[in-house]
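Breakdown of the fold
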Amino acid sequence: MARDKKDNNPLIIFLSGVLRGILRIYVYIAYRPKIIYESRETRKYIKHNPVIFIPNHVSAQDGPVCYFLFPNSALMVAKDWYEKKWIRFAIYSRPAISLDRHNLDTAWIKDAVAMIKDGKNVFIFPEGHTNKTGEIADFKAGFAMLSVMTKAPVVPLYINGEYNVLLGKRLRIYVGEPRDLSSEGKGMNSVYLNGECERFRNIVVAMKNKYD
């Protein structure tokens, strides 16, 4: 579910905006995040074109942090989290997409396509869950399906997972080059989509090996 058109209460919009401002300040002070782009061209392209971000997923904090650090982006939120009242309040009037990760859910793709067409970036965590093993799990095909439908390029991200409050290593997010899906055999068939999942997972793994 994208933003509800009824989410237009001025008071709640104001209060949720204040909360987001406080949380944004906390993120910058506590984690001292640094975004590192592979090139200036990458940063410039993302600033002016909608893309599909696919980060690795090491913590429940990944989503909120990315939400604050990357403007003009819609975040994919698991339905069981999206339905929590404090989450709904925090993202009130802001672009977000609910995804039921426990049942067959295709409604999210319609919302995500609309976000891309509206010029917004979309964040999808392709592992589908947090992974604290240090390894990057197999990717699910949602991001590839969205790219096929919108032709938006895919941008791999690597989050180093250093959520150290005030002390210790600072949080770093490495942003890869925007990449189109492979043209050969392109379509919505499972063989193609699974191949793209493996291809982009290998890219994120390579980023992890390079920057860790």
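Conventions used here
- Residues numbered from 1 in each chain as written.
- Predicted model: local features only at pLDDT ≥ 70, side-chain atom pairs only at ≥ 80, totals over all residues.
- Heavy atoms only, no water.
- Pairing = 2+ DSSP bridges.
- Helix = DSSP H or I, 4+ residues; strand = E, 2+ residues; numbered from the N terminus.
- Axes fitted to C-alpha atoms, helices over the stretch in contact; angles between N-to-C directions.
- Contact = heavy atoms within 4.5 Å.
- Buried < 20%, exposed > 50% of the residue type's maximum accessible area, 1.4 Å probe, protein only.
- Polar contact = N/O pair within 3.5 Å; in protein donor to acceptor, adjacent residues only side chain to side chain.

Time to look at the sheet that holds strand 2 (residues 52-55). With respect to topology, seven strands assemble into an open sheet ordered 1-7-6-2-5-3-4, the strand pairing being mixed. Each edge of the open sheet carries a strand with a single partner, namely strand 1 (34-37) and strand 4 (96-99). Neighbour-to-neighbour, the strand axes of this sheet turn through a mean angle of 25°, independent of strand direction. In this sheet, strand 7 (residues 172-175) lies alongside strand 6 (residues 154-159) in antiparallel orientation, the contact comprising three bridges. Looking at the pairing, I159 lines up with I173 of strand 7. Where helix 3 (residues 62-69) meets the sheet, it contacts strand 1, strand 3 (73-78), strand 5 (121-123), strand 6 and strand 7, and its direction lies at approximately 165° from that of strand 3.

So, on to the side chain of S73. Along the chain, S73 turns up in strand 3. Judged by its relative accessible area of 6%, S73 falls in the buried class. At a separation of 3.2 Å, a polar atom in the side chain of S73 contacts the main-chain carbonyl oxygen of F70. At 3.3 Å, the side chain of S73 and the side chain of N121 are in polar contact. Ignoring any residue separated from it by four or fewer positions in sequence, one finds S73 in contact with F53, Y67, P95, N121 and F123.

Function cannot be inferred from these measures alone, as they are strictly geometric.
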